[in-house]
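Residue strings, one per chain:
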Amino acid sequence: MSDDAVLHVKGRVLVGPDEVRDELWVVGGRISYERPRAGRDVTTVEGWVLPGLVDAHCHVGLDAHGPVDAATSERQALTDREAGTLLIRDAGSPSDTRWIDDREDLPKIIRAGRHIARTRRYIRNYAHEIEPADLVAYVAREAGRGDGWVKLVGDWIDRDAGDLTACWPRAEVEAAIAEAHRLGARVTAHCFAEDSLRDLVEAGIDCIEHATGLTEETIPLFAERGVAIVPTLVNIATFPKLAAGGEAKFPRWADHMRRLHDRRYDTVRAAYDAGVPVYVGTDAGGSLPHGLVAAEVAELVKAGIPAVEALSATAWGARRWLGRPGLEEGAPADLVVYGADPRTDVGELGRPRRIVLDGVVRG
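Nothing here was measured: the structure is a model prediction, and the numbers come from that model.

## Some thoughts on the packing of helix α2 (residues 135-145) against helix α3 (residues 170-182)
- It is at 9 Å that the axes of α2 and α3 come closest, and there the two elements cross at 25°. By the criterion of interaxial angle, the relationship of α2 to α3 is roughly parallel. Helix-helix and strand crossings are classified by hand; for α2 and α3 the assignment is right-handed. Of the residues in α3, those in contact with Leu135, Val136, Val139 and Ala140 of α2 are Glu172, Val173, Ala175, Ala176, Glu179 and Ala180.
- Of the residues in the contact of α2 with α3, the class split is eight nonpolar, no polar and two charged.

Here you go:
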């Protein structure tokens, strides 16, 4: 569109779960609810409108083996865009994807720097692998490289124990999280199992990824402290396959992974019912493909979260949590248009009719 062109989006604009407008205009790449002056070139799009979807656990620049080249990163980002994901919290990547910030046709990314893991306690080629004495220094380093987030690996398989165990002593975790907060960054951690959760939450962590190890003892603590979870249920669905692959060598770990998988929906629903903030994340970019945001919303609904709340976890609520605007006056025009109301059928998320990014129709 030319600088003088206007995009008219009409139908049902879902400004919030219960706030619906009949139309908006995109002028100069930004949202306006005031009709522009006559005589301008106007293109009209019709349908049900949501703010650009959020994938709050996504890895652009990463695949199952480690960092990828720019062409692969571009394909990953385009796949997410085509699925309606226009805002990504990149929850750890060894690749430098800052060049994406200069591409108006690619989703916006909020980075958490590179994963920080214990030595030999994470996927090869993914993380800084360090010992506890260096945790504070590496957290400070990644706080400077990220966009307000730092990513720890809170637990992983301990080969000596033959099962998942916590990676960090309590004192080092407390000091590291305090340092991140001093530098203006929030901290999240990969956690599958039960053991690390209390220490991380009581140390002041802001979010837990996966959170399959939540129990009736730790869920109230999360709710009290306002610690969010990003369940990544489309990733948790792979646990039985992972368990089968490692059972011969680590039978305790395999059994533990199956038990965490079996109660995954109950865990998420119990957390939601207790008031724990829940957000949508797919864990795309490791072993999973990109573009799975609609599938993850459907999983949250299957777990028992009401459809409109599951939608908020990838739309209005998720953007608010990450400090990014939705469909407010003057906000960048990042929105998705659907053929029917996604509040009544979240399956609509998998059928975007139009995708508008920075005010331009991209699909």
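## A short note on the side chain of Arg121
- Turning to its location among the elements, Arg121 is positioned in the loop between β10 (116-118) and β11 (128-130).
- Asp158 provides the closest opposite charge to the buried, salt-bridge-free Arg121, at an N-O distance of 4.2 Å.
- Within the structure, the side chain of Arg121 is placed 3.1 Å from the backbone oxygen of Ile157, a separation counted as a polar contact.
- A polar contact is formed between the side chain of Arg121 and the backbone oxygen of Thr165, at a distance of 2.8 Å.

## Some words on unusual backbone geometry
- Within the chain, Asn125 stands out as a residue other than glycine whose phi angle is a positive 75°.
- When you line up the elements, Asn125 lands in the loop between β10 and β11.
- Phi at His210 takes a positive value of approximately 80°, unusual for a residue other than glycine.
- Structurally, the position occupied by His210 is in strand β16 (residues 207-210).
- Since its relative accessible area comes to 4%, His210 is described here as buried.

## Points about the nonpolar core
- In terms of nonpolar packing, the biggest core is built from 78 residues, with Leu152, Ile205, Ile208, Phe222 and Leu300 touching the most fellow members.
- The next biggest cluster of nonpolar side chains, apart from the first, holds 16 residues, and it includes Leu7, Tyr33, Val337 and Val356.

## Here's the deal with a positive patch on the surface
- Together, Arg120, Arg124, Arg159 and Lys249 line one region of the surface with positive charge.
- Mapped onto the elements, Arg124 comes out in the loop between β10 and β11.
- Owing to a relative accessible area of 68%, Arg124 belongs among the exposed residues under this scheme.

## What to know about the packing of aromatic side chains
- Applying the stated criterion across every chain, the model contains six aromatic pairs.
- On the basis of an interplanar angle of 70° and a centroid distance of 4.8 Å, the ring pair of Phe192 and Phe239 is categorised as edge-to-face. Of this pair, Phe192 sits in the loop between β15 (186-191) and α4 (197-202) while Phe239 sits in helix α7 (residues 239-246), placing them 47 residues apart in sequence.
- Three or more aromatic residues joined by ring pairs form one cluster here, namely Tyr122, Tyr126, Trp156, Phe192 and Phe239.

## A few points about the sheet that holds strand β5 (residues 53-58)
- Read from one edge to the other, the open sheet built from three strands follows the order β5-β8-β9, with strand pairing classed as parallel. Of all strands in the sheet, those with a lone pairing partner are β5 and β9 (108-111), marking the two edges. On average, each strand axis in the sheet is inclined to that of its neighbour by 20°, with strand direction left out of account.
- Across four bridges, the pairing between β5 and strand β8 (residues 85-90) is parallel.

## As for the pairing of strand β1 (residues 6-14)
- Where β1 and strand β4 (residues 42-51) come together, eight bridges link them in parallel fashion. Within β4, the residue paired with His8 across the bridge is Thr44.
- Bridging between β1 and strand β2 (residues 20-27) involves seven bridges; their strand directions are antiparallel. Note that in β2 the partner of His8 across the bridge is Trp25.
- Between β1 and β2, which follow one another and run antiparallel, lie five residues.

## Topic: the pairing of strand β19 (residues 354-357)
- When strand β18 (residues 335-338) meets β19, the two strands line up antiparallel, connected through three bridges. For Leu335, the partnering residue across the bridge sits in β19 and is Val356.
- Where β19 lies against strand β20 (residues 360-361), two bridges are found, and the strand directions are antiparallel. Its bridge partner lying in β20, Leu357 is registered against Val360.

## A short note on α3
- Between its first and last C-alpha atoms α3 spans 18 Å; for 13 residues at 1.5 Å apiece the expected length is 18 Å, and the two agree.
- Within α3 the residues assigned to the buried category are Val173, Ala176, Ile177, Glu179 and Ala180. Looking down the long axis of α3, one finds its buried residues gathered within 160° of arc, a one-sided arrangement. Opposite its buried face, α3 presents the exposed residues Ala171 and Arg182, each directed more than 90 degrees away.
- The secondary structure elements touched by the buried residues of α3 are α2, β15 and α4.
- Following α3 by one or two positions, Gly184 has its phi on the positive side, about 85°.

Calculation notes
Residues numbered from 1 in each chain as written. Predicted model: local features only at pLDDT ≥ 70, side-chain atom pairs only at ≥ 80, totals over all residues. Heavy atoms only, no water. Axes fitted to C-alpha atoms, helices over the stretch in contact; angles between N-to-C directions. Helix = DSSP H or I, 4+ residues; strand = E, 2+ residues; numbered from the N terminus. Parallel < 35°, antiparallel > 145°, perpendicular 65-115°, else oblique. Left-handed = near helix turned anticlockwise from the far one by under 90°. Contact = heavy atoms within 4.5 Å. Nonpolar A, V, L, I, M, F, W, Y, C, P; charged D, E, K, R; others polar. Buried < 20%, exposed > 50% of the residue type's maximum accessible area, 1.4 Å probe, protein only. Lys, Arg positive; Asp, Glu negative; His and termini not counted. Salt bridge = Lys/Arg side-chain N within 4 Å of Asp/Glu carboxyl O. Polar contact = N/O pair within 3.5 Å; in protein donor to acceptor, adjacent residues only side chain to side chain. Core = buried A, V, L, I, M, F, W, Y, C linked by side-chain atoms within 4.5 Å. Patch = residues over 30% accessible without salt bridge, like charges linked within 9 Å, V, L, I, M, F, W, Y side chains within 5 Å. Areas by Shrake-Rupley, 256 points an atom, 1.4 Å probe, with all protein chains shown as cover. Charge placed at Lys NZ, Arg CZ, Asp CG, Glu CD. Phe/Tyr/Trp six-rings, centres within 6.5 Å; stacked < 30°, edge-to-face > 60°. Pairing = 2+ DSSP bridges. Expected span 1.5 Å × (residues − 1). Arc of directions from axis to C-beta.

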